[in-house]
Amino acid sequence: VSTALDPPVAAGATRTGDGDDRERLVDLAERVAGWARTGEDVEVYVAHGDETEIRAYAGEVESLTSATSAGIGIRVVVDHRLGFAWAGSLDESVLGETLDEARDNARFATQDEHVRLAVPDGVAAVPVDLWDDSLSQVPTTRKVELALALEAQARSADPRIRQVDHADYGDGSVEVALVSTTGIRSSSRKTSGFISVGVIAGEGDASQTGAGFSVRRGFDGLDADKATDDAVNRAVRLLGATKGPSGRHTVVFDRRAATTLLSVVSSALSGEAVAKGRSFFAGRIGEQVGGATLTLVDDPTDSRAYGAAAYDAEGLACRRNVLIDAGVLRAFLYDTVSGSRSGVSSTGSAVRGGFSGTPGPGCRALTLAPGPEGFDEEEVLAAVGEGLFVQSMTGVHSGVNPISGDFSVGAEGLMIRGGKLAEPVREITVASTLQRMLQSLVAVGADVEWLPGIAAGQTIAVGDMQVSGI
Amino acid sequence: VIESPVLERVLSEALRHGGEFAEVFAEDRSTASALLDDGRVEELSSGRERGAGIRVVAGETTGFAHTADLSESGLLRAAEAASAVARNGGRGTKTVEVPALSTGSGAGADGQGGSGLAALGSKGDTLALLTRADEAARATGDGISQVLAGCGGSRRRVLIANSEGLLAHDEQARTRFSVSCVATGDTGLQTGFETAARTLGFELFDEVSVEELARLAASRALSKLSARPAPSGELPVVLAGGSGGILFHEACGHGLEADHIVKDASVYTGMVGQQVASPLVTLVDDGTVGSEWGTFGVDDEGRPAQRNVLIDQGILTDYLWDYLRARKEGRVSSGNGRRQTYQHLPMVRMTNTFLLPGEEDPDEIVAQTPRGVYVAKLGGGQVNTTTGDFVFGTTEAYLIEGGRITEPLRDANLIGNGPEILKRIDAVATDFSMTPGTCGKDGQSVPVGCGQATMRLTGVTIGGTAE
C-alpha cells in the first residue's frame, strides 16, 4: 500500500496554511475581552495548533494522523472571585457562551483578596526564536520516508534486534494569543519536530527494550542515527540482566533519568505548593538544602531549552530565576495569585496545559550548574568508581512524593565497577528521600542536553541510596 | 446529531481513493469541575468539546484526521484528509450504506447533553459536598494541615458509523470526587488520598459518603506521620481488597492487549492455553459491570461492552482485542477499542479488570503470615509489557509481625515480574471490592476499574529505605 500524501489536506475550517496566524488570534482575543462588563476583569487565551503524526511498522505506514485544533480559555474575575470556562473551538457561536459560563462560575467561588489577573510589570520579554518554517515546507512524503527509514534502520542495526516496537515521526506547531482587560497583550508561536524509536533486543529467552529519540524545532537536524543508536544500545546492553543484590550504593542517573528527577523536584519549588504547605521546602529559604555543587536555575529565556518561552501563561515576560545557589535555597516560582498570597511579585513563571487549563506556577527550563568542562557520563562513572548506573526509572508517579519527599522507583541499568559500566541489572528499586538526595548530590555532569520536558538532561551522581533486589 | 445520509456521504468520501474500511467517530463532551483548596473554593471550571475523528484503513495503513467542524463540509474535509493516505490504493469508489439512526445499539441513556454544567449537579450542591469533605477531613485530627477536595463530572455522547454498516451511539456520564490531605508533624509532611468515581451522574452521591472519603484520606496522612521507612528486599505481601487490583492491571492486563501481542512485544505472546498463574487466579475484564469507572455501553468503535475471561484458574484463555487487531486474526473485537477523545485513534484498552474472589477469610490470611507487609492501599503502577517487569506504589502500608498488622510504613514502590508474581499468589479471600483508576497508554488516558479480594503473594521486592 502506498503512503503518498502530498500535500496533506488538513481537517478543520481554521487552517491558515503556512501563514502567521497570531494577528488573527490577538484580534479575536481582544474582541472577546472587549465584551467584559463593568466591574469585571476578563482574560482570554486563544490557541491554534496543527500536527502530523506518522507511525511506521514492518516497512509500512501503520498510521498517519493529520489534524488541526483550536480552542479558547476564559478567566473572569469579579469582586475577587474567579471563574473559568473553555471550549475546543473558535466558532463564533461558542465564544459568548464560554464567556457567560466563566462569568457564572465566578459567582460561586470564594471571595479572596489575592485572586486577580496579571498586570504588566514592565519587564521586557527576551525574544526567543522558536519557529521553524521547514516543518510546513517539507512535504509529508519526506516525513513518511523518514519514519520508514528510521524503522528499517532500527530493524537492521544489530542481529539481536528482534522487533521494532514503534518508529514514529511527529511534528506540531502552536500559536497562542493572550489578552486581558488588565493590560496584557501577548502572542507567541512555536514549532517542534521529533522522531522516536523503540526496539526489542533478544538473546535466548530474554528480551530487553530500549528507546531513542531526536527532537528539533524543525525538520532539519532530526537525527535518525542518534535515535537508533541510543535505542539499540540501551536494549542490547541490558541483555542478560538479572535482579541485583540489595545494598547501599552511589547511583548515577543518566541524562534522561536526571531530567525526570529534576522535574519532580520542581514541584516542590512551586510558590503555590509552598504557600499551601505542600512542599518540603516550605519555610526553608536561606537554608542549606544541598552541597556547594548544587545550583539550580530556571531559565526559559535560553532558546535552546525545550520549554523556552518569551511570555508566561499570564502574558508576563519569562525570566531567569535562581532557585538554589551553591546549596542555599534562594527562591520559589510564582504566578500572580500565588505571589500575592506570599507577598511577592510574579516571577513570570505561570504555566498552563493549553486552552482547557488554568495557569499556575511551574518550571519551564531547569538546569543544574554544570560540572567542569568535559565532565560527561564516562567521567562521572570514572569519578564514582563503584555503584549503580540507572538508565531508566518506572513508577515515578506512584513512588515519588514531592510533598513528603519520599522517593522509591523501579530501575534498570548496569553496575559500575572500576569506574566503568559492568553487568546489567533489572527488577530493582532505588530509594531515598528527595531531601537526602539533594544533600548527597556528589557529581553533576557538564553534558547538558535539552530533552523534551521542563528540565535539562545532565548526568548526575547521588550518594547513599538504598537499592532493593534479591 | 449527524444524519445518516451525511454519514453515508462522508464514509464514501473517505473510501474514494481506496481502502477497505472507514469510520466516523463523533463526540460531544461536556466537563465541569470544582476545587476547594486551602479552605477556599478556588476554581469552578467548565468546558465543552465536540468534533469527529475519521479513519480509513487501507491494507496495513490507517489514515486518520479529526475536526471540530461537524458540518457536512467539515466532515468531508476530514474524510478527504484521512483518505489521502490511501490515494495510491486505486481500488475505486465504494458505496456505503448506513442504517437509520433509530437502530443505534447504544446501551446508554438518552441524553440531554447540554452545556458544561449539566456535567455536574447544581453548582451550589457541588460546593456543599466539597465543604462537607473539607470539614470532615480537618476534624479527623489536629495534624491535618491542608485539604484539597475536588469534584469533576463529564458527559460524553458518542456516535460511531463505519463502512461495514455499523451505527452505534452511547452516552456516558462520569462523576469523580476526591480528597487529598497533608498532615504535618515532627517528621515532616505526609499525604493521604481517597477517591470515588463511577460511570454515573450526580447520583454517585446517593451511594458515596464524602465525609467517609475525607476521613479515609485524612487518617492515611495522619498515620504515616509516625510511619517508619519501608523495608528493602523480598518479603511476603498481603494486598487488601480493591486497589490491589492494580497488580493485575500491570502484571498481566497490559501484556494481554492484542496490539502488544501481534508485535511480539509481550511476555504473554503465544501462551494461550498455558498455565500462566496460580490456579487461584481467574482474571476477568468486563466493561458491563454496574456503574464501575471502566463501564460503558459501546466501546469507541461501536462494539457493545462485554465480559471477557482472560485467565481461568491459572490458564491463559484469551487476549483483549480492538477492531483492527481482531480483523487481522479473522475474529471479532472483544469490545476493548477505546480512545481518549475524538482527536485520538482507538487502541486496545482494558475496562474493569479484576480477579474473582476466593474462599479464605481475609483476617486468617494475615494471621497466617508470620512476617511481611500489609498493603491497605496502592496508588498506581507501571509495566514494561515486553519484559513483564512492573512496579506498584503503596500509599498505606503496615508491617505484619507474628500474624498481626503492626506499624505503619512510609510510601514505597514494590517491583516484580508479571509471569513470576502471578505464580506466587497462594491465598485469595472473599472480600471483593473495586477501585477506580486512570490508565495511560501511548499518551492517551481512559477511565478503568480494577479489583480483587484480599490476597497474599509469597514474595515481592519492596523498595523501601530500611536496610
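Calculation rules
- Residues numbered from 1 in each chain as written.
- Chains lettered and ligands numbered in written order.
- Predicted model: local features only at pLDDT ≥ 70, side-chain atom pairs only at ≥ 80, totals over all residues.
- Heavy atoms only, no water.
- Buried < 20%, exposed > 50% of the residue type's maximum accessible area, 1.4 Å probe, protein only.
- Helix = DSSP H or I, 4+ residues; strand = E, 2+ residues; numbered from the N terminus.
- Pairing = 2+ DSSP bridges.
- Contact = heavy atoms within 4.5 Å.
- Buried area = accessible area lost by both parts, 1.4 Å probe.
- Salt bridge = Lys/Arg side-chain N within 4 Å of Asp/Glu carboxyl O.
- Nonpolar A, V, L, I, M, F, W, Y, C, P; charged D, E, K, R; others polar.
- Core = buried A, V, L, I, M, F, W, Y, C linked by side-chain atoms within 4.5 Å.
- pLDDT = per-residue confidence, 0-100.

Examining the pairing of strand β4 (residues 161-180) of chain A
Residues and elements named next belong to chain A. With 17 of 20 residues buried, β4 is to be regarded as a mostly interior element. Two elements, strand β1 (residues 40-57) and β4, share 14 bridges in a ladder whose sense is antiparallel. The residue of β4 that forms the bridge with alanine 56 is alanine 167. Judged from the 17 bridges that link them, β4 and strand β5 (residues 185-203) form a sheet pairing that is antiparallel. Bridge pairing in β5 places valine 174 opposite lysine 190. In this antiparallel pair of consecutive strands, β4 and β5, the connection spans 4 residues, and glycine 183 shows a positive phi of 105 degrees.

Some points on unusual backbone geometry
As a rule of thumb, non-glycine residues mostly have phi less than zero, and peptide bonds are mostly trans rather than cis. The backbone phi angle of Ala58(A) is positive, close to 50 degrees, even though this residue is not glycine. As for its position among the elements, Ala58(A) is in the loop between β1 and β2 (60-78). One non-glycine residue, Asp264(B), lies in positive phi territory at about 55 degrees. One can find Asp264(B) in the loop between α7 (258-262) and β8 (283-286).

Observations concerning the interface of chain A and chain B
Facing the 78 residues of chain A at the interface are 83 residues of chain B. Around 6400 Å² of area is buried between chain A and chain B when both sides are counted, 47% of it from carbon and sulfur atoms. Between Arg40(B) and Asp112(A) there is a salt bridge, and its shortest N-O distance comes to 3.1 Å. Broken down by element, the side of chain A that touches chain B gets its largest block of residues, 10 residues, from β2(A). Looking at side-chain class alone, the side of chain A that touches chain B contains 27 nonpolar, 34 polar and 17 charged residues. In this sheet, strand β2 (residues 40-58) of chain B lies alongside strand β3 (residues 81-87) of chain A in parallel orientation, the contact comprising 4 bridges. Within the sheet, the bridge partner assigned to Ala87(A) lies in β2(B) and is Arg48(B).

Remarks on the pairing of strand β7 (residues 232-239) of chain B
Residue and element names in this part refer to chain B. Most of β7 is tucked away, with 6 of its 8 residues classed as buried. Pairing of β7 with strand β21 (residues 455-463), which is carried by 7 bridges, proceeds in the antiparallel orientation. The partner of leucine 239 across the bridge, within β21, is methionine 455. As judged from the 3 bridges shared by β7 and strand β14 (residues 371-383), these two strands associate in the parallel manner. Looking across to β14, one finds that valine 238 is bridged to tyrosine 374.

A look at helix α1 (residues 4-14) of chain B
Three or more residues of α1(B) are buried, namely Ser4(B), Val6(B), Leu7(B), Val10(B), Leu11(B), Glu13(B) and Ala14(B). Close packing links the buried residues of α1(B) with β1 (21-37), β2, α2 (72-84), β4 (144-162) and β5 (167-185) of chain B.

Some words on the nonpolar core
Within the largest apolar cluster, 48 residues are counted, with the highest numbers of intra-cluster contacts made by Leu239(B), Leu247(B), Phe248(B), Ile311(B), Val373(B), Leu422(B) and Met455(B). Element by element, the count of residues in this core is highest for helix α6 (residues 246-253) of chain B, at 5 residues. When neighbours within four sequence positions are excluded, Leu247(B) is seen to be in contact with Leu239(B), Cys252(B), Phe390(B), Phe392(B), Ile421(B), Met455(B) and Leu457(B). Within the second largest apolar cluster, 47 residues are counted, among which are Leu269(A), Leu296(A), Leu323(A) and Val430(A).

Description of the confidence of the model for chain B
For chain B, the mean per-residue pLDDT works out to 91, and 92% of the residues sit at or above 70. Confidence estimates for the predicted assembly give a pTM of 0.93 and an ipTM of 0.91.

Brief notes about the sheet that holds strand β14 (residues 366-368) of chain A
A sheet is described by the order of its strands in space; here 4 strands give the open sequence β11-β10-β9-β14 (chain A), paired in antiparallel fashion. Each of the sheet's edge strands pairs with one partner strand only, and the pair in question is β11 (328-329) and β14 of chain A.

A few points about the side chain of Thr282(B)
Residues and elements named next belong to chain B. Inspection of the secondary structure assignment puts threonine 282 in the loop between α7 and β8. On the accessibility criterion, threonine 282 (13% relative accessible area) is buried. Ignoring anything within four residues of it in the chain, the contact list for threonine 282 reads Val309, Ile311, Asp312, Gln313, Phe354, Leu355 and Leu356.

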